[in-house]
Amino acid sequence: MKIRTHYVALLVLVCALTSCSKTASETLDIVETENLPEVERELLNTINGHRVSLGKNSLEFDAVAYGFANSHTDYMIAKGTINHDDFSERASQISMRTDAEFVAENVAKDYTTASDAFQGWLNSTKHKRTMEDNFTHTAVSVKKGADGTLYFTQIFYR
């Protein structure tokens, strides 16, 4: 148990050091917006198809990660920009609730389709590495801002 506690503490530290932004610096009026389930399914199916084509496992949907992905997508819409604000806290909460050993996320905006978002991530070394890494579970949140812009959050864990 003591080793596991140290492992989780190390995981949180690594996530904090590697995230783009560690904490949100402002309080926003965050409104829960409606999901686009067709786009979410298409993106997850595309990513799983890509992984299988590489000989990797398909990622299993996880409801806990989905809740955190949705909250973060709403936060990005309220802020008007993509970010990884508070990622270490999300990762820690997901780890505690699912026994995950490692958590990562990809975010995007300004893509009009799931295919475009996938291609954008595929063309980015870091995002591609995350999509192709040794993860077992995932959740994809896609929502539309008031101006019609799509925001994407995908959380991965193992």
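Predicted model, so just to flag it, every value in this text is computed and none were measured. (Residues numbered from 1 in each chain as written. Predicted model: local features only at pLDDT ≥ 70, side-chain atom pairs only at ≥ 80, totals over all residues. Heavy atoms only, no water.)

Asker: Account for the pattern of salt bridges, naming residues and giving values.
Answerer: Oppositely charged side chains can form a pair if their charged atoms are brought close together. According to the stated counting rule, one finds 6 salt bridges in the structure shown. The salt bridge involving K109 is made with D110; its shortest N-O contact spans 4.0 Å. A relative accessible area of 22% places K109 in the partly exposed class. Residue D110 is classed as exposed on the basis of its relative accessible area, which comes to 55%. Residue K128 pairs with E132 through a salt bridge whose shortest N-O separation is 3.9 Å. Of the two residues, K128 and E132 are both situated in helix α6 (residues 125-132); the distance of 4 residues between them amounts to about one turn of the helix. Looking at E132, the relative accessible area reads 17%, which means it is buried. (Salt bridge = Lys/Arg side-chain N within 4 Å of Asp/Glu carboxyl O. Buried < 20%, exposed > 50% of the residue type's maximum accessible area, 1.4 Å probe, protein only. Helix = DSSP H or I, 4+ residues; strand = E, 2+ residues; numbered from the N terminus.)

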